[in-house]
Amino acid sequence: MPARLPRLSRRTLLLTAAVALTASVTTACGGDGDAAGGSSGRTTVRIAYQAIPNADLVVKNQKLLERALPEVDVKWVKFESGGDVNTAVIAGSVDLGLAGSSPVTKGLSAPLNIPYKVVWIHDLIGDNEALVAKPGIGSVKDLAGKKVATPFGSTAHYSLLAALTTAGVEPSSVQTIDLQPQDALAAWKRGDIDAAYVWTPTLSELTKDGKVLVTSRELAKQGKPTADLGVVTNAFAAKHPDVVTAWIKAQDTAVAQARTAPDQAAKSIGAELGLPPEEAKRQLSELVLLSAKEQTGPDYLGTPGAPGKLAANLHDAAVFLKGQKAVDSVPDAAVFGRALAVEELGRAAN
């Protein structure tokens, strides 16, 4: 595993990356760096999304938010991982977006301390994220001394560390390589790596000639759950509560469609990912989607005055990441409770 950079160096690198990403994202967003409104005076919301086969892609493809808010400019910006989303938020280039529970945990911890909160659970990660190895590698224990790729700071990275420690493998004994899913696939085809922990649709490509050693669903049963979360910056939530409410309702509508009309939802997801509808439907079925009402329950975000178990899950993840030296310190449990946007969710769920 690569040596850990000193704290100051990591901050410097993060800021450098943020500056570079600000330029690229601003260009992708048409040069509008002010979420409150562009030159026309219209409100703009900049949404980070990823190539994950969940209901977020239904919202995007069917323009559910644009239809609900015709007076708002909705700009979707694609990212490869939650770590990149964190960098964009720090750069001031994103207002709302999808990031895995591990990147969000890191975002709420030192040294990042990002001023955002969790407003939605896009999905509970199941069989759509997994550790896949080349033929001849029969178990997680066999990965000692091997090259394993995963996007650093992602839920897959968190799950990889959890899988190694659960199997009794010292993470430092594995040569972990920081690669985005598509780059990991290219390295896999070249024979440069022995295994990879990634998500669909790349995962489906790896399993064509690789063996699944463990899935995130199995790790969740072992006490290491992961999820894809929707985050909103504190500033945007305070300034544009109507946009946040409309966004949550659009997500809720898409979840309902995925449950009651999966063929329709899969068609939209397939169009976004370049997949046949039947394959998109299969990948969608690997995720657990929750309605807004369900997310107000005690096992998830909860309600005002009674934050749900998601806060404890994020805190537990921070403890684990601190043990792996992936965060500098573990915030107080109350920090994660305050980071659940229960008022915004409750307003939209009623």
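Our structure's up above, just so we're on the same page.
Summarised in this report is the structure supplied together with it.

1. Quick word on the packing of helix 6 (residues 155-166) against helix 15 (residues 309-323)
Moving on, step 1. Their axes nearest at 11 Å, the elements helix 6 and helix 15 cross at an angle of 70°. As far as their axial angle goes, helix 15 and helix 6 are roughly perpendicular. In the crossing of helix 6 with helix 15, the sense of the turn from one axis to the other is left-handed. From helix 6, Tyr158, Leu161, Ala162 and Thr165 reach across to helix 15, where they touch Ala317, Phe320 and Leu321.
Moving on, step 2. When grouped by side-chain class, the residues that make up the contact of helix 6 with helix 15 number six nonpolar, one polar and no charged.

2. Concerning the pairing of strand 4 (residues 116-124)
Moving on, step 1. With respect to burial, strand 4 is a largely interior element, eight of its nine residues being buried.
Moving on, step 2. Bridge count for strand 4 against strand 10 (residues 227-233) is seven bridges, and the pairing is antiparallel. Bridging from a neighbouring strand, Trp120 pairs with Gly230 of strand 10.

3. With respect to the pattern of salt bridges
Opposite charge on two side chains lets them pair, provided their charged atoms get close.
Moving on, step 1. Using the criterion set out here, one finds 12 salt bridges in the structure.
Moving on, step 2. The partner of Arg217 in a salt bridge is Asp127, with the nearest N and O atoms 3.1 Å apart. Pair noted here: Arg217 is in helix 9 (residues 216-221) and Asp127 is in the loop between strand 4 and strand 5 (129-133), with a separation of 90 residues, a long-range link.
Moving on, step 3. Note that Arg190 is salt-bridged to Asp192, the shortest N-O span being 2.6 Å.

4. Describing the sheet that holds strand 1 (residues 43-49)
Moving on, step 1. If you trace the five strands from one edge of the open sheet to the other, you get 2-1-3-10-4, paired in mixed fashion. Every interior strand has two partners, whereas the edge strands, strand 2 (72-78) and strand 4, have only one. Across the sheet, the mean angle from the axis of one strand to that of its neighbour is 25°, orientation sign disregarded.

5. Quick word on the side chain of Gln283
Moving on, step 1. Among the structural elements, Gln283 can be located in helix 13 (residues 277-285).
Moving on, step 2. A relative accessible area of 1% means that Gln283 is categorised as buried.
Moving on, step 3. Discounting residues that sit within four places of it in the chain, Gln283 has contacts with Pro53, Thr200, Pro201, Ser204 and Leu275.

Each value, and the rule that gives it
Residues numbered from 1 in each chain as written. Predicted model: local features only at pLDDT ≥ 70, side-chain atom pairs only at ≥ 80, totals over all residues. Heavy atoms only, no water. Axes fitted to C-alpha atoms, helices over the stretch in contact; angles between N-to-C directions. Helix = DSSP H or I, 4+ residues; strand = E, 2+ residues; numbered from the N terminus. Parallel < 35°, antiparallel > 145°, perpendicular 65-115°, else oblique. Left-handed = near helix turned anticlockwise from the far one by under 90°. Contact = heavy atoms within 4.5 Å. Nonpolar A, V, L, I, M, F, W, Y, C, P; charged D, E, K, R; others polar. Buried < 20%, exposed > 50% of the residue type's maximum accessible area, 1.4 Å probe, protein only. Pairing = 2+ DSSP bridges. Salt bridge = Lys/Arg side-chain N within 4 Å of Asp/Glu carboxyl O.

As far as function goes, none of this settles anything; it's purely spatial.
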